[in-house]
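Spelled out, the chains give:
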Amino acid sequence: MSKPVHAMIRVRDEERARDYYARAFGFEPADRYDFDDFTLIYLRDPASPFELELTVNKSRDKPYDLGDGYGHIAVVVDDVEAEHARHVREGFPATDVKALKHGETVLARFFFATDPDGYKIEVIQRGGRFA
């Protein structure tokens, strides 16, 4: 049986990305490997073994084209309204809080945050299938 261990995104500025993920989601550095051409930084929430791998290609001087294939990563929070208010207060880009319904049943309450490189992060209210 397999178990997910990390997702990888390419970022241009390590410090800017680390600062964003620390302040926006509480992700802490778990590991860092520096190579001649690139650096790998692994971040995680202390309560979860799943990691976000940041890849910094040292020769990159322009933004990455995220194209139309990238979806998002997702995190769960205890209070999506409070988390949304905090993102807005911090000046982090965030959509309005929305509800996904199936008929009259609310499946999820969420908003999307956007990191400094344009990646989307879905912030979901803990509960239901995201308990």
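Coordinates for the structure precede this section.
With that settled, the discussion passes to helix α1 (residues 14-25). An ideal rise of 1.5 Å per residue puts 16 Å on 12 residues; α1 measures up with 16 Å between its terminal C-alpha atoms. Residues of α1 that are buried include every one of Glu14, Ala17, Tyr20, Tyr21, Ala24 and Phe25, and no others. One face of α1 carries all of its buried residues, which in axial projection span an arc of 135°. Two to three positions downstream of the cap, the backbone nitrogen of glutamate 15 sits 3.1 Å from a side-chain oxygen, assigning the N-cap of α1 to aspartate 13. Looking one or two residues past α1, glycine 26 carries a phi angle of roughly 75°, positive in sign.

Before going further, it helps to spend a moment on the sheet that holds strand β1 (residues 6-10). The strands making up a sheet associate through hydrogen bonds between their backbones, and the pairing can be parallel or antiparallel. Spatially, four strands are ordered β1-β4-β3-β2 in an open sheet, and the strand pairing comes out mixed. Lying at the two open borders of the sheet, with one neighbouring strand each, are β1 and β2 (28-34). Geometrically, the sheet is characterised by an average inter-axis angle of 20° between neighbouring strands, direction not taken into account. By the bridge criterion, seven bridges tie strand β3 (residues 38-44) to strand β4 (residues 51-57) in an arrangement that is antiparallel.

Taken in spatial order, the four strands line up as β5-β8-β7-β6 in an open sheet, and their pairing is mixed. Across the chains shown, the open sheet's two edge strands, defined by having one partner strand only, are β5 (73-77) and β6 (98-102). Across the sheet, the mean angle from the axis of one strand to that of its neighbour is 35°, orientation sign disregarded. Here five bridges tie strand β7 (residues 105-114) to strand β8 (residues 120-125), and the two strands are oriented antiparallel to one another.

The rules behind the values
- Residues numbered from 1 in each chain as written.
- Predicted model: local features only at pLDDT ≥ 70, side-chain atom pairs only at ≥ 80, totals over all residues.
- Heavy atoms only, no water.
- Helix = DSSP H or I, 4+ residues; strand = E, 2+ residues; numbered from the N terminus.
- Expected span 1.5 Å × (residues − 1).
- Buried < 20%, exposed > 50% of the residue type's maximum accessible area, 1.4 Å probe, protein only.
- Arc of directions from axis to C-beta.
- Polar contact = N/O pair within 3.5 Å; in protein donor to acceptor, adjacent residues only side chain to side chain.
- Pairing = 2+ DSSP bridges.
- Axes fitted to C-alpha atoms, helices over the stretch in contact; angles between N-to-C directions.

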